[in-house]
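Report on the structure
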Amino acid sequence: MLTRVTVLVLLLGAPSSALTAQATGLPYRDPALPIDVRVRDLLGRMTPEEKFWQLYMIPADPGDTASDYSHGIFGLQVSSAGGAAAEAAEIDSLQRYFVEHTRLGIPIIPFDEAVHGLMRAGATDFPAAIALAATWDTALVARVAAAIAVETRSRGIRQVLSPVLNVATDVRWGRVEETYGEDPLLVSRMGAAFVGAVEQAGVVATPKHFVANIGDGGRDSYPIEVSDRALERTYYPPFQAALAAGARSVMTAYNSVNGEPATQDRHLLTDVLKREWGFRGFVISDAAATGGATVLHMTEPSTEGAAADALDAGLDVIFQSSWPQHAPYLRAFLSGAIPTPVIDSAVARVLRVKFALGLFEHPYVRSDS
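Attention in this report is confined to the structure presented alongside it. Residue positions are counted from 1 within each chain, in the order its sequence is given. Reporting of local features is limited, given that this is a predicted model, to residues whose pLDDT is at least 70; pairs of side-chain atoms are given and counted only at 80 or more, and all residues count toward the totals for whole chains, interfaces and linings. Side-chain metrics rest on all non-hydrogen atoms present in the structure, leaving aside hydrogens and water.

1. With respect to the overall build of the protein chain
- Along the backbone of the protein chain there are 15 helices and 10 strands.
- The size measure is the radius of gyration over C-alpha atoms, and the globule rule it meets is 2.2 Å times the number of residues to the 0.38 power. For 369 residues, the compact-globule estimate of 2.2 N^0.38 gives 21 Å, and the C-alpha radius of gyration of the protein chain, at 20 Å, lies within 12% of that figure.
- Across its three principal axes, the protein chain shows a C-alpha extent of roughly 55 × 45 × 40 Å.
- Exposure is judged per residue with a 1.4 Å probe applied to protein chains only, and the accessible area is read against the type maximum: over 50% gives exposed, under 20% gives buried, and values in between give partly exposed. Put simply, the protein chain has 369 residues, and 57% of those count as buried.
- Contact definition: two residues touch when any of their heavy atoms are within 4.5 Å. Of the contacts formed within the protein chain by residues at least 6 apart in sequence, a portion of 77% connects residues at least 24 apart.
- Accessible area of the protein chain: about 14,300 Å², with a carbon and sulfur share of 55%.
- Positive charge is attributed to Lys and Arg, negative charge to Asp and Glu, and no charge count is given to His or to the chain ends. The location of each charge is read from NZ of Lys, CZ of Arg, CG of Asp or CD of Glu. A gap of 5 Å separates the mean positions of the 30 positive and 41 negative side-chain charges of the protein chain. Helical segments are the DSSP runs of H or I of at least four residues, strand segments are the runs of E of at least two, and each set is numbered from the N terminus. Using the Shrake-Rupley algorithm and a 1.4 Å probe, accessible areas are obtained, with residue cover drawn only from the displayed protein chains.

Listed below in structure tokens is the structure:
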């Protein structure tokens, strides 16, 4: 029986699989080579469009028959009405299209939310993060995270947009229940326990939201003015602990920090995260946060400009809610507004993780796929 996603893939159509067959034997296909060698080889073969799509992530829409995925995509969030087996089948159907019917056969990273459990049919719903924090039991959090990782990976999900590492300094904020509370040490320990267990299971953890997304005045995503001392003593430590535990992705915040949208903050994303801390993974925006500079912060005249400034500042992957929303972001890439070395650096970070996950060698969940 065809799943909804299988029908979507068939309706989309696909280029000849002969193109993918030609890739057999190329250096990036050789698992014996170092990952950085494979990344350089693949990057050198990619068109500008293919590079862009490795930096764009969205939820999958099973009813969508008009979107063109022939250039690939970073990853998709699959919403399945069925249980684990049904979701695994849907993800395998999608993955098969990208692996077998796109020019370079680059697999996607299926992703989902899992702050206190995968919110899908048949998955386990654990206590909220604030309740887990109240136990002061890092071993318990590690067991919870390990169970979440098993349930996500069994469905083919290889990245979770978790944990929330914002230090909750104002109880009026509506997202306090997603956090591990107000103490930086406790947040750091709990976050590291979660990240370590998830990453050890072969699932990419994405601590969020970088940084100081604390609901200033109790209002979500409001601008925050914070000193360097406060950043270093209160808001940075949980993220530093998460990176030390192995996190391979970080999500930026909606809010601005000292007048600069977090998604476009060069000091945060490049100077601190990538250079000072040596982070080699990829940075993703919160959903629709890249264009937020035009409608939330009012610091950019256009989405194209916001995309260019965000990538130049250190953002790697643009997270949006639908395929059609890609248009202004793609224009920014193709217009020359973003320097090629900036694009290549972001794509390399994504490809490095895809290779490390083993997706090129083992892209499918089910053995019969």
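Alright, that's what it looks like, and here's the rest.
2. A few points about the sheet that holds strand β5 (residues 204-205)
- Between any two strands, at least two bridges found by DSSP are needed for them to pair. Strand order in this open sheet of three strands is β3-β4-β5, and the pairing throughout is parallel. Bordering the open sheet on either side are β3 (111-112) and β5, each of which pairs with just one other strand.

3. Quick word on the packing of aromatic side chains
- Two rings from Phe, Tyr or Trp (for Trp, the six-membered ring) form a pair when their centres are within 6.5 Å of each other. A pair whose planes differ by under 30 degrees is stacked, one over 60 is edge-to-face, and the rest are tilted. Under the counting rule described, the total for this entry stands at 16 aromatic pairs.
- For the ring pair W53 and W323, a centre distance of 6.1 Å and an interplane angle of 10 degrees mean the geometry is stacked. Of this pair, W53 sits in helix α4 (residues 48-53) while W323 sits in the loop between β10 (318-319) and α14 (327-334), and the two are 270 residues apart along the sequence. For the pair formed by W53 and W323, the shared burial category is buried.
- Among the aromatic residues, those joined into a ring-pair cluster are F52, W53, Y56, W323, Y329 and F333.
- The ring of Y364 has R96 sitting right over it, with the charged end atom 5.5 Å from the ring centre. Only when the NZ of Lys or the CZ of Arg is both within 6 Å of the ring centre and within 35 degrees of the ring normal is a charge said to sit over the ring.

4. Details of the pattern of salt bridges
- Any Lys or Arg side-chain nitrogen located within 4 Å of an Asp or Glu carboxyl oxygen qualifies as a salt bridge. Within the structure shown, the criterion is met by 16 salt bridges.
- The closest approach of N and O atoms between R280 and D36, which form a salt bridge, is 3.7 Å. Here the residue R280 occupies a position in the loop between α11 (266-276) and β9 (282-284), and D36 occupies one in helix α3 (residues 35-45), the gap between them amounting to 244 residues.
- Take R280: its relative accessible area is 49%, and that puts it in the partly exposed class.

5. Quick look at the sheet that holds strand β1 (residues 56-59)
- With parallel pairing, three strands are arranged side by side in an open sheet as β2-β1-β10. On the outer flanks of this sheet lie β2 (75-77) and β10, each paired with one strand and no other.
- Bridge count between β1 and β2: three bridges; the pairing is parallel. From the neighbouring strand, I58 faces β2, where its bridge partner is L76.

6. Describing the environment of V347
- Mapped onto the elements of the fold, V347 is located in helix α15 (residues 340-356).
- Sequence separation between V347 and F74 is 273 residues, and the spatial gap between their C-alpha atoms is 9.4 Å.
- Setting aside anything within four residues of it in sequence, one finds V347 in contact with L43, M46, K51, Q54 and L55.

7. A closer look at empty space enclosed by the protein
- Only protein atoms enter the 1 Å grid, on which a cavity is a set of points fitting a 1.4 Å probe that cannot get out and a pocket is an open set with protein on both sides within 12 Å along at least 5 of 7 lines, lining residues being those with an atom within 4 Å of a point. Grid points are joined across faces, edges and corners, and a volume is the space filled by probe spheres set on the points. The tally for this structure, following the rule as stated, stands at one cavity of 30 Å³ or more.
- Taken as a whole, the largest cavity spans an internal volume of roughly 60 Å³.
- In this structure, the largest cavity is lined by M46, E50, Q54, S70, H71, G72, T102, R103, L104, G105 and I106.
- Within the lining of the largest cavity, the residues separate by chemical class into three nonpolar, six polar and two charged. Note on residue classes: Ala, Val, Leu, Ile, Met, Phe, Trp, Tyr, Cys and Pro are nonpolar, Asp, Glu, Lys and Arg are charged, and everything else, Gly too, is polar.

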